[in-house]
Amino acid sequence: MNESVRQSLNFDEFLGLTYGQILDKLAEEIPDKEFLVFKDQRITYSQFRAHVRQVAMVLKKLGLRKGDRVGVLFPSGLDFFYVQFAILYVGGIFIALSTRYRKYEITYMMNHAGARFMFCIDEYMGINFIDILEEVRPDLPEMKTIIIKGNNVPAWAKSYDEVLELGKVINEIELTAELPEAKDNASMLYTSGSTGMPKGAMSDHHSLIWDSTRVCERLKIGPEDVFLMMLPCAFIFANFVLFTHAMMGRSKIVIMENFEAGEALRLQEAERVSILYGVPTMFTLMLNHPDFEKFDLSSNRTGYMSGASCPVELVRAVIQKMHCNISAAYGMTEACCISITEYEDDEYIKSSTVGRPIRGLDLKIVDNDRNRVGVGEVGEIAIRGENLFSGYYKQPELTKSSFDSDGFFYTGDLGKIDENGRLVIVGRKKEMIIRGGFNVYPAEVEEQIALIEGVQYVVVGGVPDPNLGEKICASIVPVPGYRLSAEKIVGFCKKNLANYKVPDFVEIKDSFPTTATGKIQRYKIKDEMMEKYGKKGS
(Lines give C-alpha, C1' and ligand atoms only; values in the text may rest on other atoms or scores of the structure.)
Protein backbone atom coordinates (compact mmCIF):
# COMPACT_ATOMS: atom_id res chain seq x y z
CA MET A 1 0.00 0.00 0.00
CA ASN A 2 1.49 3.36 -0.96
CA GLU A 3 1.79 6.19 1.53
CA SER A 4 -0.94 8.33 -0.07
CA VAL A 5 -3.48 5.53 0.42
CA ARG A 6 -2.36 5.06 4.04
CA GLN A 7 -2.79 8.79 4.66
CA SER A 8 -6.38 8.67 3.34
CA LEU A 9 -7.64 6.01 5.75
CA ASN A 10 -10.27 7.40 8.12
CA PHE A 11 -10.56 5.46 11.36
CA ASP A 12 -13.19 7.78 12.82
CA GLU A 13 -15.79 5.62 11.01
CA PHE A 14 -15.63 3.34 14.07
CA LEU A 15 -16.49 6.01 16.63
CA GLY A 16 -19.85 5.49 18.31
CA LEU A 17 -19.81 1.74 17.67
CA THR A 18 -19.39 -1.14 20.11
CA TYR A 19 -16.96 -4.00 19.54
CA GLY A 20 -19.82 -6.22 18.44
CA GLN A 21 -20.96 -3.66 15.87
CA ILE A 22 -17.42 -3.30 14.52
CA LEU A 23 -17.16 -7.06 14.16
CA ASP A 24 -20.54 -7.23 12.37
CA LYS A 25 -19.47 -4.41 10.04
CA LEU A 26 -16.14 -5.97 9.08
CA ALA A 27 -17.52 -9.50 8.68
CA GLU A 28 -20.02 -8.09 6.19
CA GLU A 29 -17.51 -5.92 4.32
CA ILE A 30 -14.56 -8.34 4.13
CA PRO A 31 -15.97 -11.78 5.01
CA ASP A 32 -13.28 -13.84 3.32
CA LYS A 33 -10.24 -11.81 4.31
CA GLU A 34 -7.84 -13.72 6.54
CA PHE A 35 -7.91 -12.27 10.05
CA LEU A 36 -6.30 -14.63 12.58
CA VAL A 37 -3.48 -17.15 12.24
CA PHE A 38 -2.67 -19.46 15.14
CA LYS A 39 -0.42 -22.46 14.59
CA ASP A 40 -2.00 -24.33 11.65
CA GLN A 41 -5.39 -22.58 11.90
CA ARG A 42 -6.40 -19.69 9.65
CA ILE A 43 -9.60 -17.78 10.39
CA THR A 44 -11.36 -15.19 8.22
CA TYR A 45 -13.29 -12.18 9.51
CA SER A 46 -16.63 -13.92 8.91
CA GLN A 47 -15.45 -17.14 10.57
CA PHE A 48 -14.27 -15.18 13.60
CA ARG A 49 -17.68 -13.53 13.88
CA ALA A 50 -19.40 -16.93 13.65
CA HIS A 51 -17.25 -18.35 16.47
CA VAL A 52 -17.83 -15.26 18.61
CA ARG A 53 -21.59 -15.38 18.13
CA GLN A 54 -21.63 -19.09 19.00
CA VAL A 55 -19.90 -18.42 22.34
CA ALA A 56 -22.12 -15.36 22.86
CA MET A 57 -25.19 -17.58 22.40
CA VAL A 58 -23.76 -19.96 25.00
CA LEU A 59 -23.39 -17.10 27.48
CA LYS A 60 -26.99 -16.03 26.93
CA LYS A 61 -28.20 -19.63 27.40
CA LEU A 62 -26.24 -19.83 30.66
CA GLY A 63 -27.94 -16.70 31.95
CA LEU A 64 -25.42 -13.91 31.38
CA ARG A 65 -26.95 -10.49 31.89
CA LYS A 66 -25.72 -7.19 30.56
CA GLY A 67 -23.06 -5.86 32.94
CA ASP A 68 -22.10 -9.28 34.35
CA ARG A 69 -18.38 -9.62 35.01
CA VAL A 70 -16.66 -12.60 33.36
CA GLY A 71 -13.12 -13.81 34.10
CA VAL A 72 -11.08 -15.47 31.37
CA LEU A 73 -7.99 -17.53 32.24
CA PHE A 74 -7.01 -19.07 28.93
CA PRO A 75 -3.58 -19.25 27.30
CA SER A 76 -2.99 -17.15 24.20
CA GLY A 77 -4.86 -18.51 21.23
CA LEU A 78 -8.09 -18.38 19.24
CA ASP A 79 -10.39 -19.47 22.07
CA PHE A 80 -9.19 -16.57 24.22
CA PHE A 81 -10.46 -14.11 21.63
CA TYR A 82 -13.65 -16.02 20.83
CA VAL A 83 -14.59 -15.76 24.50
CA GLN A 84 -13.40 -12.17 24.98
CA PHE A 85 -15.39 -10.86 22.03
CA ALA A 86 -18.43 -12.98 22.89
CA ILE A 87 -18.49 -11.27 26.28
CA LEU A 88 -18.23 -7.85 24.63
CA TYR A 89 -20.82 -8.77 21.99
CA VAL A 90 -23.61 -9.40 24.51
CA GLY A 91 -22.74 -6.66 27.01
CA GLY A 92 -20.69 -8.54 29.58
CA ILE A 93 -17.59 -7.05 31.19
CA PHE A 94 -14.38 -8.86 30.29
CA ILE A 95 -11.72 -9.55 32.96
CA ALA A 96 -8.41 -10.94 31.71
CA LEU A 97 -6.63 -13.36 34.04
CA SER A 98 -3.05 -14.35 33.32
CA THR A 99 -2.01 -18.01 33.26
CA ARG A 100 0.78 -16.80 35.54
CA TYR A 101 -1.75 -15.98 38.27
CA ARG A 102 -2.07 -18.20 41.31
CA LYS A 103 -4.43 -18.47 44.26
CA TYR A 104 -3.97 -14.92 45.62
CA GLU A 105 -4.60 -13.07 42.36
CA ILE A 106 -7.46 -15.28 41.16
CA THR A 107 -9.29 -15.15 44.49
CA TYR A 108 -8.91 -11.43 44.97
CA MET A 109 -9.85 -10.39 41.43
CA MET A 110 -12.84 -12.69 40.98
CA ASN A 111 -14.16 -11.91 44.45
CA HIS A 112 -13.60 -8.16 44.17
CA ALA A 113 -15.25 -8.07 40.75
CA GLY A 114 -18.21 -10.12 41.89
CA ALA A 115 -17.69 -12.24 38.79
CA ARG A 116 -20.62 -14.52 37.93
CA PHE A 117 -18.84 -16.48 35.19
CA MET A 118 -15.32 -17.72 34.65
CA PHE A 119 -13.60 -19.50 31.77
CA CYS A 120 -10.46 -21.40 32.76
CA ILE A 121 -7.94 -23.83 31.29
CA ASP A 122 -7.67 -27.08 33.30
CA GLU A 123 -3.86 -27.24 33.29
CA TYR A 124 -1.16 -25.17 31.69
CA MET A 125 2.62 -25.31 31.78
CA GLY A 126 2.63 -27.66 34.74
CA ILE A 127 0.09 -25.69 36.82
CA ASN A 128 -3.16 -27.46 37.75
CA PHE A 129 -5.78 -24.71 37.79
CA ILE A 130 -8.49 -27.17 38.81
CA ASP A 131 -6.72 -27.64 42.13
CA ILE A 132 -6.47 -23.87 42.58
CA LEU A 133 -10.15 -23.34 41.76
CA GLU A 134 -11.15 -26.19 44.05
CA GLU A 135 -9.48 -24.31 46.87
CA VAL A 136 -10.76 -20.81 46.05
CA ARG A 137 -14.39 -21.58 45.08
CA PRO A 138 -15.71 -21.18 48.64
CA ASP A 139 -14.33 -17.63 48.60
CA LEU A 140 -16.29 -16.68 45.46
CA PRO A 141 -19.90 -16.36 46.65
CA GLU A 142 -21.19 -14.62 43.51
CA MET A 143 -19.65 -17.08 41.05
CA LYS A 144 -22.48 -18.79 39.16
CA THR A 145 -20.73 -20.87 36.50
CA ILE A 146 -17.15 -21.99 35.87
CA ILE A 147 -16.40 -23.32 32.39
CA ILE A 148 -13.30 -25.47 32.00
CA LYS A 149 -11.39 -26.02 28.78
CA GLY A 150 -9.55 -29.34 28.73
CA ASN A 151 -10.02 -33.00 29.62
CA ASN A 152 -10.14 -32.64 33.40
CA VAL A 153 -13.58 -31.16 34.14
CA PRO A 154 -14.80 -31.59 37.74
CA ALA A 155 -18.47 -32.07 38.64
CA TRP A 156 -18.83 -28.47 39.85
CA ALA A 157 -17.85 -27.04 36.45
CA LYS A 158 -19.06 -27.18 32.86
CA SER A 159 -17.01 -28.38 29.91
CA TYR A 160 -16.10 -25.69 27.38
CA ASP A 161 -16.34 -28.12 24.48
CA GLU A 162 -19.75 -29.36 25.64
CA VAL A 163 -21.32 -25.96 26.27
CA LEU A 164 -20.32 -24.85 22.78
CA GLU A 165 -23.10 -27.14 21.57
CA LEU A 166 -25.60 -24.76 23.19
CA GLY A 167 -24.55 -22.04 20.76
CA LYS A 168 -24.63 -23.96 17.52
CA VAL A 169 -28.13 -22.73 16.73
CA ILE A 170 -28.35 -18.95 16.93
CA ASN A 171 -31.60 -17.51 18.29
CA GLU A 172 -31.26 -13.97 16.94
CA ILE A 173 -33.97 -12.54 19.19
CA GLU A 174 -32.41 -14.00 22.33
CA LEU A 175 -28.85 -13.10 21.27
CA THR A 176 -29.61 -9.46 20.53
CA ALA A 177 -32.19 -8.82 23.25
CA GLU A 178 -29.96 -6.66 25.44
CA LEU A 179 -26.95 -5.46 23.46
CA PRO A 180 -24.46 -2.94 24.88
CA GLU A 181 -24.07 0.68 23.84
CA ALA A 182 -20.79 2.47 23.19
CA LYS A 183 -20.69 4.05 26.67
CA ASP A 184 -21.32 0.75 28.47
CA ASN A 185 -18.33 -0.79 30.22
CA ALA A 186 -16.47 -3.40 28.20
CA SER A 187 -13.58 -4.35 30.44
CA MET A 188 -12.36 -4.41 34.00
CA LEU A 189 -8.62 -4.88 33.87
CA TYR A 190 -6.67 -5.08 37.07
CA THR A 191 -3.72 -2.81 37.64
CA SER A 192 -1.54 -3.26 40.70
CA GLY A 193 -2.40 -0.80 43.44
CA SER A 194 0.12 1.33 45.29
CA THR A 195 -1.43 0.04 48.52
CA GLY A 196 -0.74 -3.53 47.47
CA MET A 197 -4.28 -4.45 46.36
CA PRO A 198 -4.97 -4.53 42.62
CA LYS A 199 -7.47 -1.97 41.31
CA GLY A 200 -10.19 -2.86 38.81
CA ALA A 201 -10.02 -0.19 36.11
CA MET A 202 -13.27 -0.10 34.12
CA SER A 203 -13.27 1.07 30.50
CA ASP A 204 -16.21 1.41 28.13
CA HIS A 205 -16.37 0.47 24.45
CA HIS A 206 -16.05 4.08 23.33
CA SER A 207 -12.90 4.91 25.31
CA LEU A 208 -11.03 1.87 24.00
CA ILE A 209 -12.15 2.44 20.42
CA TRP A 210 -11.50 6.21 20.50
CA ASP A 211 -7.94 5.58 21.69
CA SER A 212 -7.31 3.04 18.95
CA THR A 213 -8.41 5.33 16.12
CA ARG A 214 -5.68 7.79 17.14
CA VAL A 215 -2.89 5.23 17.19
CA CYS A 216 -4.01 3.64 13.92
CA GLU A 217 -3.73 6.95 12.13
CA ARG A 218 -0.30 7.67 13.60
CA LEU A 219 1.10 4.25 12.58
CA LYS A 220 -0.75 4.36 9.24
CA ILE A 221 -2.21 0.89 9.72
CA GLY A 222 -3.93 -0.68 6.71
CA PRO A 223 -5.40 -3.86 5.15
CA GLU A 224 -2.06 -5.11 3.86
CA ASP A 225 -0.49 -5.10 7.31
CA VAL A 226 0.23 -8.29 9.23
CA PHE A 227 0.64 -8.03 13.01
CA LEU A 228 2.68 -10.46 15.09
CA MET A 229 1.14 -10.86 18.54
CA MET A 230 4.16 -11.76 20.69
CA LEU A 231 2.55 -10.52 23.90
CA PRO A 232 0.41 -12.69 26.21
CA CYS A 233 -3.29 -12.29 25.43
CA ALA A 234 -3.99 -11.39 29.06
CA PHE A 235 -2.11 -8.10 28.52
CA ILE A 236 -4.24 -5.08 27.62
CA PHE A 237 -1.42 -4.34 25.15
CA ALA A 238 -2.53 -7.49 23.29
CA ASN A 239 -6.23 -8.11 24.00
CA PHE A 240 -7.42 -4.56 23.38
CA VAL A 241 -4.59 -2.43 21.99
CA LEU A 242 -3.09 -4.65 19.28
CA PHE A 243 -6.31 -6.52 18.52
CA THR A 244 -8.38 -3.36 18.08
CA HIS A 245 -5.71 -1.70 15.93
CA ALA A 246 -5.60 -4.71 13.62
CA MET A 247 -9.40 -4.88 13.35
CA MET A 248 -9.68 -1.20 12.49
CA GLY A 249 -6.94 -1.54 9.90
CA ARG A 250 -8.71 -4.59 8.43
CA SER A 251 -5.37 -6.31 8.95
CA LYS A 252 -4.21 -9.83 9.85
CA ILE A 253 -2.90 -11.05 13.25
CA VAL A 254 -0.46 -13.92 13.72
CA ILE A 255 -0.81 -15.12 17.33
CA MET A 256 1.97 -16.75 19.35
CA GLU A 257 0.97 -18.97 22.26
CA ASN A 258 4.17 -18.05 24.09
CA PHE A 259 6.96 -15.72 23.10
CA GLU A 260 10.19 -17.37 22.01
CA ALA A 261 12.68 -15.26 20.10
CA GLY A 262 13.57 -17.82 17.43
CA GLU A 263 9.93 -18.64 16.71
CA ALA A 264 9.05 -14.94 16.54
CA LEU A 265 11.78 -14.42 13.94
CA ARG A 266 10.61 -17.46 11.96
CA LEU A 267 7.02 -16.21 11.90
CA GLN A 268 8.09 -12.76 10.73
CA GLU A 269 9.71 -14.35 7.70
CA ALA A 270 7.06 -17.01 7.04
CA GLU A 271 4.00 -14.77 7.42
CA ARG A 272 5.58 -11.61 5.96
CA VAL A 273 4.83 -9.70 9.17
CA SER A 274 4.83 -5.91 8.88
CA ILE A 275 3.93 -4.71 12.41
CA LEU A 276 5.52 -5.71 15.73
CA TYR A 277 4.10 -4.76 19.14
CA GLY A 278 6.18 -5.65 22.16
CA VAL A 279 8.19 -4.66 25.19
CA PRO A 280 11.90 -3.81 24.87
CA THR A 281 12.94 -7.16 26.34
CA MET A 282 11.36 -9.01 23.39
CA PHE A 283 13.25 -6.96 20.81
CA THR A 284 16.51 -7.42 22.71
CA LEU A 285 16.04 -11.21 22.77
CA MET A 286 15.31 -11.33 19.03
CA LEU A 287 18.29 -9.17 18.13
CA ASN A 288 20.57 -11.33 20.30
CA HIS A 289 19.30 -14.65 18.94
CA PRO A 290 22.22 -16.71 17.53
CA ASP A 291 20.38 -17.27 14.21
CA PHE A 292 19.16 -13.68 13.82
CA GLU A 293 21.09 -13.06 10.60
CA LYS A 294 19.51 -16.08 8.89
CA PHE A 295 16.00 -14.60 8.85
CA ASP A 296 14.50 -12.36 6.17
CA LEU A 297 12.78 -9.54 8.09
CA SER A 298 12.40 -7.17 5.15
CA SER A 299 8.59 -7.22 5.38
CA ASN A 300 8.64 -5.37 8.74
CA ARG A 301 7.30 -1.83 8.45
CA THR A 302 6.54 -0.37 11.87
CA GLY A 303 5.54 -1.25 15.42
CA TYR A 304 4.83 -0.14 18.95
CA MET A 305 7.34 -0.49 21.78
CA SER A 306 6.13 0.21 25.30
CA GLY A 307 6.35 -1.05 28.86
CA ALA A 308 9.83 0.20 29.78
CA SER A 309 12.50 2.64 28.65
CA CYS A 310 13.74 2.24 25.07
CA PRO A 311 17.54 2.77 24.86
CA VAL A 312 18.77 4.53 21.72
CA GLU A 313 20.98 1.54 20.83
CA LEU A 314 17.95 -0.76 20.90
CA VAL A 315 15.76 1.58 18.84
CA ARG A 316 18.55 2.00 16.29
CA ALA A 317 19.06 -1.78 16.03
CA VAL A 318 15.33 -2.45 15.60
CA ILE A 319 15.11 0.14 12.82
CA GLN A 320 18.32 -0.82 11.02
CA LYS A 321 18.59 -4.58 11.59
CA MET A 322 14.92 -5.56 11.81
CA HIS A 323 13.73 -3.08 9.16
CA CYS A 324 11.06 -1.98 11.64
CA ASN A 325 10.37 1.74 11.91
CA ILE A 326 9.33 1.26 15.53
CA SER A 327 7.41 3.86 17.53
CA ALA A 328 7.92 4.45 21.25
CA ALA A 329 4.75 4.98 23.28
CA TYR A 330 3.51 5.76 26.75
CA GLY A 331 0.28 4.32 28.08
CA MET A 332 -1.43 2.64 31.00
CA THR A 333 -4.42 0.47 31.82
CA GLU A 334 -6.48 3.56 32.67
CA ALA A 335 -5.97 5.20 29.27
CA CYS A 336 -4.30 2.76 26.84
CA CYS A 337 -2.10 4.94 24.64
CA ILE A 338 -1.41 8.48 25.86
CA SER A 339 1.40 9.55 23.56
CA ILE A 340 3.38 7.93 20.76
CA THR A 341 6.16 9.02 18.42
CA GLU A 342 5.42 9.88 14.82
CA TYR A 343 6.07 7.44 11.99
CA GLU A 344 8.62 9.88 10.55
CA ASP A 345 10.51 10.64 13.80
CA ASP A 346 14.19 9.73 13.92
CA GLU A 347 15.73 7.15 16.24
CA TYR A 348 16.96 9.73 18.73
CA ILE A 349 13.44 11.14 19.22
CA LYS A 350 12.05 7.60 19.56
CA SER A 351 14.60 6.67 22.23
CA SER A 352 14.56 9.90 24.23
CA THR A 353 10.83 10.75 24.14
CA VAL A 354 7.45 9.03 23.86
CA GLY A 355 6.25 11.50 21.27
CA ARG A 356 3.34 13.89 21.38
CA PRO A 357 -0.08 13.17 22.90
CA ILE A 358 -2.55 11.42 20.61
CA ARG A 359 -5.08 13.58 18.75
CA GLY A 360 -7.75 15.05 21.02
CA LEU A 361 -5.98 14.27 24.31
CA ASP A 362 -5.02 17.11 26.67
CA LEU A 363 -1.83 16.60 28.66
CA LYS A 364 -0.21 18.80 31.26
CA ILE A 365 2.71 18.56 33.68
CA VAL A 366 1.96 19.75 37.21
CA ASP A 367 3.75 20.33 40.51
CA ASN A 368 2.75 18.85 43.87
CA ASP A 369 -0.02 21.45 44.19
CA ARG A 370 -1.35 20.45 40.75
CA ASN A 371 -0.28 23.73 39.18
CA ARG A 372 0.94 23.57 35.59
CA VAL A 373 4.73 23.87 35.20
CA GLY A 374 6.73 25.27 32.30
CA VAL A 375 8.46 23.62 29.34
CA GLY A 376 11.34 21.41 30.46
CA GLU A 377 10.23 21.29 34.10
CA VAL A 378 9.59 17.92 35.72
CA GLY A 379 6.24 17.18 37.33
CA GLU A 380 3.37 14.70 37.45
CA ILE A 381 1.70 13.82 34.16
CA ALA A 382 -2.04 14.61 34.07
CA ILE A 383 -4.30 13.78 31.12
CA ARG A 384 -7.82 14.46 29.88
CA GLY A 385 -9.46 12.74 26.93
CA GLU A 386 -12.13 10.37 25.70
CA ASN A 387 -9.81 7.39 26.16
CA LEU A 388 -9.91 7.64 29.94
CA PHE A 389 -11.32 4.78 31.98
CA SER A 390 -14.70 4.98 33.74
CA GLY A 391 -13.29 4.57 37.24
CA TYR A 392 -11.97 2.04 39.75
CA TYR A 393 -14.59 -0.59 40.58
CA LYS A 394 -15.92 -0.27 44.16
CA GLN A 395 -13.43 2.51 44.89
CA PRO A 396 -15.31 5.79 44.38
CA GLU A 397 -13.05 7.80 46.68
CA LEU A 398 -9.89 6.66 44.90
CA THR A 399 -11.53 7.42 41.55
CA LYS A 400 -12.54 10.88 42.73
CA SER A 401 -9.08 11.70 44.11
CA SER A 402 -7.43 10.63 40.85
CA PHE A 403 -9.27 13.35 38.89
CA ASP A 404 -9.54 17.10 39.33
CA SER A 405 -12.60 19.26 38.77
CA ASP A 406 -11.57 19.87 35.14
CA GLY A 407 -11.55 16.17 34.32
CA PHE A 408 -7.79 15.63 34.35
CA PHE A 409 -6.57 12.23 35.55
CA TYR A 410 -3.37 12.21 37.58
CA THR A 411 -1.17 9.32 36.45
CA GLY A 412 1.39 9.20 39.26
CA ASP A 413 4.15 9.22 36.63
CA LEU A 414 6.74 11.96 36.32
CA GLY A 415 7.64 13.64 33.05
CA LYS A 416 8.39 16.84 31.21
CA ILE A 417 7.50 18.43 27.89
CA ASP A 418 10.46 19.33 25.69
CA GLU A 419 10.75 22.41 23.49
CA ASN A 420 9.12 20.53 20.58
CA GLY A 421 6.05 19.48 22.55
CA ARG A 422 7.15 15.88 23.04
CA LEU A 423 6.72 14.02 26.31
CA VAL A 424 9.78 12.74 28.16
CA ILE A 425 9.19 10.17 30.92
CA VAL A 426 11.45 10.92 33.88
CA GLY A 427 10.38 8.35 36.46
CA ARG A 428 7.49 7.11 38.53
CA LYS A 429 5.98 9.05 41.36
CA LYS A 430 4.72 5.72 42.59
CA GLU A 431 7.16 2.88 43.11
CA MET A 432 6.17 0.52 40.33
CA ILE A 433 8.77 -1.90 38.99
CA ILE A 434 8.62 -2.87 35.30
CA ARG A 435 10.17 -6.32 34.95
CA GLY A 436 10.24 -7.63 31.39
CA GLY A 437 7.25 -5.46 30.56
CA PHE A 438 5.19 -6.68 33.53
CA ASN A 439 4.10 -4.09 36.10
CA VAL A 440 4.95 -5.01 39.69
CA TYR A 441 4.17 -2.88 42.72
CA PRO A 442 6.49 -3.44 45.71
CA ALA A 443 3.60 -3.20 48.20
CA GLU A 444 1.86 -6.20 46.63
CA VAL A 445 4.98 -8.39 46.91
CA GLU A 446 5.72 -7.08 50.42
CA GLU A 447 2.23 -8.01 51.56
CA GLN A 448 2.73 -11.63 50.54
CA ILE A 449 6.24 -11.96 52.00
CA ALA A 450 4.95 -10.51 55.28
CA LEU A 451 2.66 -13.56 55.57
CA ILE A 452 5.67 -15.85 55.97
CA GLU A 453 6.22 -16.88 59.57
CA GLY A 454 9.29 -15.19 60.98
CA VAL A 455 9.26 -12.10 58.73
CA GLN A 456 9.38 -8.90 60.76
CA TYR A 457 10.08 -6.26 58.11
CA VAL A 458 10.31 -6.37 54.33
CA VAL A 459 11.15 -3.79 51.68
CA VAL A 460 10.92 -4.55 47.95
CA GLY A 461 12.50 -2.45 45.22
CA GLY A 462 13.67 -2.57 41.62
CA VAL A 463 17.22 -2.53 40.28
CA PRO A 464 18.24 -1.94 36.63
CA ASP A 465 18.74 -4.92 34.32
CA PRO A 466 19.81 -4.71 30.65
CA ASN A 467 17.51 -7.53 29.53
CA LEU A 468 14.41 -7.23 31.72
CA GLY A 469 14.51 -3.48 32.32
CA GLU A 470 14.39 -4.07 36.07
CA LYS A 471 14.77 -6.96 38.49
CA ILE A 472 13.11 -7.34 41.88
CA CYS A 473 15.03 -7.25 45.14
CA ALA A 474 13.53 -8.10 48.55
CA SER A 475 15.31 -7.07 51.72
CA ILE A 476 14.04 -8.80 54.88
CA VAL A 477 14.60 -8.56 58.63
CA PRO A 478 13.51 -11.71 60.52
CA VAL A 479 11.76 -11.79 63.86
CA PRO A 480 14.43 -12.34 66.53
CA GLY A 481 15.08 -16.05 66.95
CA TYR A 482 13.84 -17.03 63.45
CA ARG A 483 16.11 -18.25 60.67
CA LEU A 484 14.95 -17.36 57.17
CA SER A 485 16.52 -18.27 53.85
CA ALA A 486 16.31 -16.79 50.37
CA GLU A 487 15.11 -20.19 49.12
CA LYS A 488 12.15 -20.19 51.51
CA ILE A 489 11.14 -16.65 50.51
CA VAL A 490 11.38 -17.39 46.78
CA GLY A 491 9.55 -20.71 47.17
CA PHE A 492 6.65 -19.05 48.99
CA CYS A 493 6.41 -16.30 46.36
CA LYS A 494 6.45 -18.81 43.49
CA LYS A 495 3.47 -20.57 45.06
CA ASN A 496 1.43 -17.46 45.81
CA LEU A 497 2.35 -14.86 43.18
CA ALA A 498 2.64 -14.64 39.42
CA ASN A 499 6.18 -15.65 38.47
CA TYR A 500 7.14 -12.19 37.22
CA LYS A 501 6.51 -10.85 40.75
CA VAL A 502 8.93 -13.31 42.40
CA PRO A 503 12.07 -11.55 43.74
CA ASP A 504 15.26 -12.10 41.76
CA PHE A 505 17.41 -11.18 44.75
CA VAL A 506 16.68 -11.78 48.44
CA GLU A 507 18.74 -10.20 51.21
CA ILE A 508 18.32 -11.32 54.84
CA LYS A 509 19.48 -8.55 57.20
CA ASP A 510 19.82 -8.08 60.94
CA SER A 511 18.15 -4.65 60.92
CA PHE A 512 16.97 -1.76 58.73
CA PRO A 513 18.11 1.86 59.01
CA THR A 514 15.46 3.97 60.74
CA THR A 515 14.76 7.57 61.58
CA ALA A 516 14.88 8.90 65.13
CA THR A 517 11.19 8.10 65.45
CA GLY A 518 11.70 4.50 64.32
CA LYS A 519 10.38 4.86 60.74
CA ILE A 520 12.16 2.59 58.26
CA GLN A 521 14.27 4.60 55.80
CA ARG A 522 13.21 2.87 52.59
CA TYR A 523 15.37 5.08 50.40
CA LYS A 524 18.53 3.94 52.21
CA ILE A 525 17.57 0.29 51.78
CA LYS A 526 16.93 0.87 48.07
CA ASP A 527 20.29 2.62 47.76
CA GLU A 528 21.88 -0.50 49.25
CA MET A 529 20.00 -2.67 46.76
CA MET A 530 21.23 -0.51 43.91
CA GLU A 531 24.80 -0.60 45.18
CA LYS A 532 24.88 -4.38 45.56
CA TYR A 533 22.61 -5.66 42.78
CA GLY A 534 22.15 -2.77 40.36
CA LYS A 535 25.74 -3.04 39.21
CA LYS A 536 25.08 -6.62 38.12
CA GLY A 537 22.85 -5.23 35.40
CA SER A 538 25.26 -2.57 34.19
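Residues numbered from 1 in each chain as written. Predicted model: local features only at pLDDT ≥ 70, side-chain atom pairs only at ≥ 80, totals over all residues. Heavy atoms only, no water.

> Which parts of the structure should I look at to understand the environment of Ile-417?
Relative to the assigned elements, Ile-417 resides in strand β22 (residues 409–417). Taking the C-alpha atoms as reference, Ile-417 lies 9.0 Å from Arg-356; in sequence the two are 61 residues apart. If near-sequence neighbours (up to four positions away) are discounted, Ile-417 is found in contact with Leu-363, Ile-365, Val-375, Gly-376, Arg-422 and Leu-423. (Helix = DSSP H or I, 4+ residues; strand = E, 2+ residues; numbered from the N terminus. Contact = heavy atoms within 4.5 Å.)

> Help me out: how do you make sense of the layout of surface pockets in this one?
Remark: the empty space left among the atoms is shown by a probe the size of a water molecule rolled over them. The computed volume of the second largest pocket comes to approximately 640 Å³. Along its surface, the second largest pocket is lined by 31 residues, and Arg-100, Pro-232, Asn-258, Phe-259 and Phe-438 are the ones closest to its centre. Looking at which element gives the most residues to the lining of the second largest pocket, the answer is helix α12 (residues 280–287), with three residues. Here the lining of the second largest pocket is composed, by residue class, of 20 nonpolar, seven polar and four charged. (1 Å grid on protein atoms, 1.4 Å probe; cavity = no way out; pocket = protein on both sides within 12 Å on 5 of 7 lines; lining within 4 Å. Points joined across faces, edges and corners; volume = space filled by probe spheres on them. Nonpolar A, V, L, I, M, F, W, Y, C, P; charged D, E, K, R; others polar.)

> Would you explain the packing of aromatic side chains in this entry?
Aromatic ring pairs: the centre-centre distance and the angle between the two ring planes describe each pair. For the structure on display, the rule yields 29 aromatic pairs. Taken together, a centroid distance of 4.8 Å and an interplanar angle of 35 degrees make the contact between Phe-85 and Phe-243 tilted. Taken together, the residues Phe-85 in helix α4 (residues 78–89) and Phe-243 in helix α10 (residues 236–248) connect sequence positions 158 residues apart. Each member of the pair, Phe-85 together with Phe-243, is buried. Consider the rings of Tyr-457 and Phe-512, whose centres lie 6.4 Å apart with planes at 40 degrees: the pair is tilted. Of this pair, Tyr-457 sits in strand β26 (residues 455–465) while Phe-512 is found in the loop between β28 (505–508) and α18 (522–533), placing the two residues 55 residues apart along the sequence. By relative accessible area, Phe-512 is classed as buried at 10%. Counting every residue linked through ring pairs, the aromatic cluster contains Tyr-19, Phe-35, Tyr-45, Phe-48, Phe-80, Phe-81, Tyr-82, Phe-85, Phe-94, Phe-240 and Phe-243. (Phe/Tyr/Trp six-rings, centres within 6.5 Å; stacked < 30°, edge-to-face > 60°. Buried < 20%, exposed > 50% of the residue type's maximum accessible area, 1.4 Å probe, protein only.)

> How should the pairing of strand β27 (residues 469–478) be read in this particular structure?
Two faces, one strand: in a regular strand the side chains alternate between the faces of the sheet. For β27, the buried fraction is high: eight of the 10 residues fall into the buried class. Judged from the 10 bridges that link them, β26 and β27 form a sheet pairing that is antiparallel. Bridged to Val-459 within β27 is Ser-475. Hairpin connection, β26 to β27: the antiparallel pair is bridged by three residues. Here β27 pairs with β28 via four bridges, running parallel. Along β28, the bridge assignment pairs Ala-474 with Val-506. (Pairing = 2+ DSSP bridges.)

> Would you mind going over the nonpolar core with me for this structure?
A general tendency of soluble globular proteins is for nonpolar side chains to be buried together. Residues Phe-48, Tyr-277 and Ile-449 are the most contacted members of the largest nonpolar core, which totals 175 residues. Not counting chain neighbours up to four residues away, the residues in contact with Tyr-277 comprise Leu-219, Ile-221, Phe-227, Leu-228, Met-230, Leu-231, Phe-237, Val-241, Leu-242, His-245, Gly-303 and Tyr-304. Counting residues in hydrophobic clusters, the runner-up holds nine residues, among them Phe-512, Ile-525, Met-529 and Tyr-533. (Core = buried A, V, L, I, M, F, W, Y, C linked by side-chain atoms within 4.5 Å.)

> Teacher, can you tell me more about the pattern of salt bridges here?
Any two side chains of opposite charge can pair, on the condition that their charged atoms come close. Taken as a whole and judged by the stated rule, the model has 38 salt bridges. In this structure, Arg-53 and Glu-172 form a salt bridge, with 2.7 Å as the shortest nitrogen-oxygen distance. With Arg-53 in helix α3 (residues 45–61) and Glu-172 in helix α8 (residues 172–175), the pair connects residues that are 119 residues apart, well separated along the chain. The exposure class of Glu-172 is partly exposed, given its relative accessible area of 39%. Note that Asp-404 is salt-bridged to Lys-364, the shortest N-O span being 3.6 Å. Taken together, the residues span a long stretch of sequence, with Asp-404 in the loop between α15 (396–402) and β22 and Lys-364 in strand β19 (residues 362–366) at a distance of 40 residues. Residue classification places Lys-364 among the buried positions, given a relative accessible area of 10%. Residues joined in a network through salt bridges with shared partners are Asp-12, Arg-214, Glu-217 and Arg-359. (Salt bridge = Lys/Arg side-chain N within 4 Å of Asp/Glu carboxyl O.)

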